[in-house]
Amino acid sequence: MPTIKSVAVSAYSAPLEAPITNGLYTYTATQIVACRLELSNGISAIGWTHGEKIVFTAAEAIAAMLIGQELNAERLWARMYQPKLFGRRGLEQRALSALDIAVWDGLGKEAGMSVHRLLGGFHDSVPAYKAGGYYGEGKSLEDLQREVSGHVEGGARALKMKIGAVSVAEDLARIDAVRTAIGPDVGLLVDVNNAYDRITAEKMAAALDERDIYWYEEPLSPDDLKGAADLAGRTRTPVASGENEYTLWGFRDLIDASAADVINADAQILGGITEWAKCAHYAQAKHIPVAPHGDQEIHTQLVAAVPNGLIVEYYDNSLNRLKDVMFDQRLDLNADGSITPFSTPGLGVEIQDQAVERYRVAHSVVC
Ligand SMILES: [Mg+2]
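A quick note: this is a predicted structure, and the numbers were derived from the prediction, not measured. (Residues numbered from 1 in each chain as written. Predicted model: local features only at pLDDT ≥ 70, side-chain atom pairs only at ≥ 80, totals over all residues. Heavy atoms only, no water.)

Draft legend 1. The arrangement of the coordination of the magnesium ion in detail. Around the magnesium ion, the donor atoms from the protein are Asp191 (OD), Glu217 (OE) and Glu243 (OE), and they sit 2.0 to 2.3 Å away. Within one chain, the residues donating to the magnesium ion are spaced in sequence as D-x25-E-x25-E. Of this pair, Asp191 sits in strand E6 (residues 187-191) while Glu243 sits in the loop between strand E8 (239-241) and helix H10 (247-256), placing them 52 residues apart in sequence. Each member of the pair, Asp191 together with Glu243, is buried. (Donors = N, O, S within 2.8 Å, 3.2 Å for Na, K, Ca; no water. Helix = DSSP H or I, 4+ residues; strand = E, 2+ residues; numbered from the N terminus. Buried < 20%, exposed > 50% of the residue type's maximum accessible area, 1.4 Å probe, protein only.)

Structure representation (structure tokens):
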């Protein structure tokens, strides 16, 4: 079994063309922390997550525990997960996630198999939805309609828009404008990003039930499992949640509380691919589909692997300075709006170090 010789940890930051706003937050930059494992058999394996220097620092500290260890996913996960030293649910878990994802890229390369095949390979391709529909300074209903029409012209058969930053009435006008622009046959997902209290969430749910909405994402605080369960029980529109949940134990509580009809388990947040697979299988036992939040380069491999994989979130990387140049290959939507995982061993993409170097804000080699 190969051992881990060194881990290079890099933090990148690139400004967005224009700030984007969801129900609660405004983003001005893309920030990524990437880890590269060098193995004793000559394989170089990559993993990455989103976050800034605090994630970089955590990754550097956790990476030190991997040096000289054999490439064994469960043993390495158990070694990295130290609640007392690093915490249980937060940015440190993102750092662990990036390292665990790199372990799986390494396992795939060692086995000569894609992560998709290693994990089960159930689907050849899976549906995808286009992420977008943010708020923006001076962005009119017509601008929003132009944006979503462009997604549909680009092949999207489902798309997501943000709600929650303005009144329910104003958001319903935005939702109706989008539906008018995309027509009746394209799936429409709405995402609140935890912006509502229970009363507002209920009011919006009643209005969404009169419309055809694919899912209603994170209407409430991620800590309000009881509120989410009550809402999911009453509304006809499926409630999706989980991008702010961590570890198998967090998902056990979310699922056992019946707080989500669909789980948005994100391997870059919750604890990597080792933990993601457990969450997906636990959800399968409860007849709940999994539809991750986050990067398609990782999640297409995972959603396609499991029987209860529902749909992949798809970002237009050409609009993102860092992501546009980060990988050697681009995952495109198929003509029917679906997406097919790369069959190359591992995750199937390589980080182009030279292309992203100008966005690098921190770098360290742990050995
Ligand atoms: Mg979301």
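Draft legend 2. Here's a closer look at the pairing of strand E5 (residues 158-162). Summarising burial for E5: 5 of the 5 residues are buried, a large majority. The two faces of E5 match: Ala158, Lys160 and Lys162 on one face and Leu159 and Met161 on the other face are all buried. With 2 bridges connecting them, strand E4 (residues 126-131) and E5 associate as parallel partners. Looking at E5, one finds that Ala131 is bridged to Lys160. Of the crossover connections in this fold, the one passing from E4 over helix H6 (residues 141-153) to the parallel E5 is right-handed. In terms of strand pairing, E5 meets E6 through 5 bridges, oriented parallel. Bridged to Lys160 within E6 is Leu189. Assessed by its sense of winding, the connection that carries the chain from E5 through helix H7 (residues 168-182) to E6 is right-handed. (Pairing = 2+ DSSP bridges. Right-handed = clockwise from strand over helix to strand, strands pointing away.)

Draft legend 3. The domain arrangement of the protein chain, seen in detail. With domains assigned, the protein chain is organised as domain 1 (4-112 + 353-366) and domain 2 (116-339). Each of domain 1 and domain 2 was reduced to a C-alpha centroid, and the two centroids are 24 Å apart. Counting from both sides, the interface comprises 35 residues of domain 1 and, opposite them, 39 residues of domain 2. A combined buried area of about 3200 Å² lies between domain 1 and domain 2, and 64% of that area is made up of carbon and sulfur atoms. The largest contributions to the domain 1 side of the interface with domain 2 come from Trp48, Arg89 and Trp104, which together make up 20% of the buried area. Here domain 1 and domain 2 share 3 salt bridges between them. (Domains from an automatic or database assignment. Contact = heavy atoms within 4.5 Å. Buried area = accessible area lost by both parts, 1.4 Å probe. Salt bridge = Lys/Arg side-chain N within 4 Å of Asp/Glu carboxyl O.)

Draft legend 4. Up close: the nonpolar core. Ranked by size, the top nonpolar core spans 109 residues in total, and within it Leu37, Trp48, Ile163, Ile175, Tyr216 and Ile263 carry the most contacts. For this core, the leading source of residues is helix H4 (residues 91-111), giving 9 residues. Those residues in contact with Ile263 that lie beyond four places of it in its chain are Ser241, Phe251, Leu254, Ile255, Cys279, Ala283, Ile288, Pro289, Val290, Ala291 and Pro292. Grouped together as the second largest cluster of nonpolar side chains are 8 residues, Tyr129, Ala240, Ala291 and Ile311 included. (Core = buried A, V, L, I, M, F, W, Y, C linked by side-chain atoms within 4.5 Å.)

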